[in-house]
Amino acid sequence: MRSTATISMLSAAMALGLFTHPAQAQNAALDARIAQLATQEEAKVIAWRRDIHEHPELGNQETRTAALVAAHLKKLGLEVQTGVGRTGVVGILRGGKSGPVVALRADMDGLPLTETSGLPFASKVKTTYLGQPVGVMHACGHDTHVAMLMGAAEVLSQVKADLPGTVKFIFQPAEEGSVPGVEGGAKLMVKEGVLDKPKVDAVFGLHIRADSEVGNLTYRPGGEMASSDRFTIKVHGKGAHGAAPWSSVDPVVTAAQIIMGLQTIVSREVKLIDDAAVVTVGTINGGVRYNIIPPDVEMSGTIRALNPEVQKQIWASIRRIATNIAESAGATADVSIEPYVPVTINSPALTAQMLPTLQAVAGTTSVHEIKAVTGAEDFSFYQEKVPGLFLFVGGMSKGQDPATAADHHTAGFRIDESGLTLGVKTLATLAADYLNSARTVQK
């Protein structure tokens, strides 16, 4: 039953002529009902979030989280698939009317990090990661993503009779990656057909943001988050005594020259007024003793780009610079580039279509277009197949200085839980409005 306030608001809107078609009034009523239900879910969503936060699991190991999600979706009467992409869970909600299919996605995995947040529900989980003992922590907010999508599933299940189409809930493992050599995440879920049967027409996802105030939604059409690739360069020279460097082909000096050469890619080759890019060398290893010139040096780093063409340009430049500098020194260089995730590209048409929904849910003054960021998201694998929109929901307390907010992927990471209800409303309303707008277009 709608509240008296909600009914009065809708009656006033119709009296003022804000709805020019009966379908508009019907859609507005559905959105108001979704907002009301989402507010009622707040305590549940926070409880789910705290439980998941206290029991984090690394990528492809999210068995407890997956079981919690599956049990919840089954309780709601959804069709549930488990073991998708190793530990992923998919729920299918069929509306009361025929129509398109929209997907909503949340990631479930934590990070190998020992928590120092001081929260009463802080993680105490320990594990071994790549041979090193370490804690496990939800240091990026994936616990909130799962809880918000569980809330959205409960809300939409209560209005399914009014939904003209199908909603697919994707709970994805391993967004942060897995151990080397083990496939996972969105790429594997897509490979296993998560966007098929039924075929998805559009996909939405969101990410909590620790430096944005609660109540805010931020987005960017087009390239929003960067691609992420790893490169490795192995420089092969000739070892010698450190006292006789003329007897060597020094791979240390050659590696240093290569590192300096790589700095010119972004500063001199990428048209930065169009797109940002990053080439960072993160490791360099070679030698065992101070007075021995080693025969080999290996370095590795990351490549970030906001345009697929720039991404390919950088790959070619790294190979050219490393190979030619090594050759000029009498050495050789083996260059390996491992693509990780593509650019997160929000469909401009879908973004424009759904912007009124974002503004209605959060308020026009609380929805902001942002500059692109060089962080990466494997949500991009879904966007390679179907139109998608990925946005950020505020998770920082009102009035807090963003400079004082603990960053994502740090041991003191914290989120203001009062922002979670907006995430539930946003996910559920995006799904409902997309289905209704797609139905209108089809007519």
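These numbers were taken from a predicted model, which means no experiment stands behind them. (Residues numbered from 1 in each chain as written. Predicted model: local features only at pLDDT ≥ 70, side-chain atom pairs only at ≥ 80, totals over all residues. Heavy atoms only, no water.)

A. Broad picture of the nonpolar core. Judged by nonpolar contacts, the single largest core of 66 residues is most densely connected at Leu-104, Leu-156, Val-167, Phe-169, Phe-171, Phe-204 and Tyr-434. It is helix H11 (residues 420–442) that provides the largest number of residues to this core, a total of 11 residues. With sequence-adjacent residues up to four places away left out, Phe-204 is seen in contact with Val-102, Ala-103, Leu-104, Arg-105, Leu-350, Met-354, Phe-379, Leu-389, Leu-430 and Tyr-434. Within the second largest apolar cluster, 27 residues are counted, among which are Ile-233, Leu-262, Ala-277 and Ile-337. (Core = buried A, V, L, I, M, F, W, Y, C linked by side-chain atoms within 4.5 Å. Buried < 20%, exposed > 50% of the residue type's maximum accessible area, 1.4 Å probe, protein only. Helix = DSSP H or I, 4+ residues; strand = E, 2+ residues; numbered from the N terminus. Contact = heavy atoms within 4.5 Å.)

B. Highlighting the confidence of the model for the protein chain. With 93% of its residues at a pLDDT of 70 or more, the protein chain has an overall mean of 94. Note that pLDDT drops below 50 for residues 1–20; the model gives that stretch 19 contacts with residues more than four away or on any other chain. (pLDDT = per-residue confidence, 0-100.)

C. Layout of the sheet that holds strand S15 (residues 332–341). Taking strand neighbours across the sheet as the criterion, the four strands line up as S12-S14-S10-S15 in an open arrangement whose pairing is antiparallel. With partners counted over all chains shown, the strands left at the sheet margins are strand S12 (277–285) and S15, one partner each. Taken pair by pair, the neighbouring strands of this sheet meet at an average axis angle of 20°, ignoring direction. Across eight bridges, S12 lies against strand S14 (residues 296–305) in antiparallel orientation. Directly across from Thr-280, in S14, lies its bridge partner Thr-302. Helix H7 (residues 251–269) rests against strand S10 (227–236), S12 and S14 of the sheet, and its axis sits at about 170° to S12. Lying on the sheet, helix H8 (residues 308–328) is in contact with S10, S12, S14 and S15; it crosses S15 at an angle near 165°. (Pairing = 2+ DSSP bridges. Axes fitted to C-alpha atoms, helices over the stretch in contact; angles between N-to-C directions.)

D. Region of interest: the packing of helix H3 (residues 42–54) against helix H4 (residues 63–75). Between H3 and H4, the least distance of the axes is 10 Å, while the angle of their chain directions is 155°. On the basis of the axis angle, H3 is roughly antiparallel to H4. In this structure, H3 meets H4 at a crossing whose hand is right-handed. Residues Trp-48, Asp-51 and Ile-52 of H3 form the contact with H4, whose participating residues are Arg-64, Thr-65, Leu-68 and His-72. Each residue belonging to the contact of H3 with H4 can be placed in one class, and the counts come to three nonpolar, two polar and two charged. (Parallel < 35°, antiparallel > 145°, perpendicular 65-115°, else oblique. Left-handed = near helix turned anticlockwise from the far one by under 90°. Nonpolar A, V, L, I, M, F, W, Y, C, P; charged D, E, K, R; others polar.)

E. Molecular detail of the pattern of salt bridges. Counted according to the given criterion, the structure contains 13 salt bridges. Note that Asp-107 is salt-bridged to Arg-105, the shortest N-O span being 3.8 Å. Under the relative-accessibility criterion, Asp-107 is labelled buried at 1%. The closest approach of N and O atoms between Arg-105 and Asp-378, which form a salt bridge, is 2.8 Å. Placement of the pair is Arg-105 in strand S3 (residues 97–107) and Asp-378 in the loop between strand S17 (367–369) and helix H10 (380–383), with a sequence separation of 273 residues. Both residues of the pair, Arg-105 and Asp-378, belong to the buried class. Among the ionic contacts, a cluster of salt bridges with common partners joins Arg-49, Arg-50, Asp-143 and Glu-417. (Salt bridge = Lys/Arg side-chain N within 4 Å of Asp/Glu carboxyl O.)

F. Spotlight on the pairing of S14. Pairing geometry for S10 and S14, over 10 bridges, is antiparallel. If you follow Ile-233 over to S14, its bridge partner there is Met-299.

G. Representation of the environment of Tyr-129 within the structure. Note that Tyr-129 resides in strand S4 (residues 126–129). Judged by relative accessible area, Tyr-129 falls into the partly exposed class, the value being 26%. Sequence separation of Tyr-129 and Val-179 is 50 residues, and the distance between their C-alpha atoms is 8.1 Å. Those residues in contact with Tyr-129 that lie beyond four places of it in its chain are Leu-58, Pro-112, Val-134, Ser-178 and Val-179.

H. Highlighting the sheet that holds strand S8 (residues 217–219). Ordered in space as S1-S2-S6-S3-S7-S18-S8-S17, the eight strands form an open sheet in which the pairing is mixed. For this open sheet the edge positions go to strand S1 (79–84) and S17, each flanked by a neighbour on one side alone. In this sheet, neighbouring strand axes are inclined to one another by 25° on average, regardless of whether the strands run parallel or antiparallel. Where helix H9 (residues 348–362) meets the sheet, it contacts strand S7 (202–213), S8, S17 and strand S18 (388–396), and its direction lies at approximately 25° from that of S18.

I. Geometry of H7. The terminal C-alpha atoms of H7, which comprises 19 residues, lie 26 Å apart, in line with the 27 Å expected from a rise of 1.5 Å per residue. Where H7 is concerned, the buried positions are Pro-251, Thr-254, Ala-255, Ile-258, Ile-259, Gly-261, Leu-262, Ile-265 and Val-266. Buried residues in H7 make contact with S10, S12, strand S13 (292–293), S14 and H8. N-cap assignment for H7: the residue whose side-chain oxygen lies 2.8 Å from the backbone N of Val-252 is Asp-250. (Expected span 1.5 Å × (residues − 1). Polar contact = N/O pair within 3.5 Å; in protein donor to acceptor, adjacent residues only side chain to side chain.)

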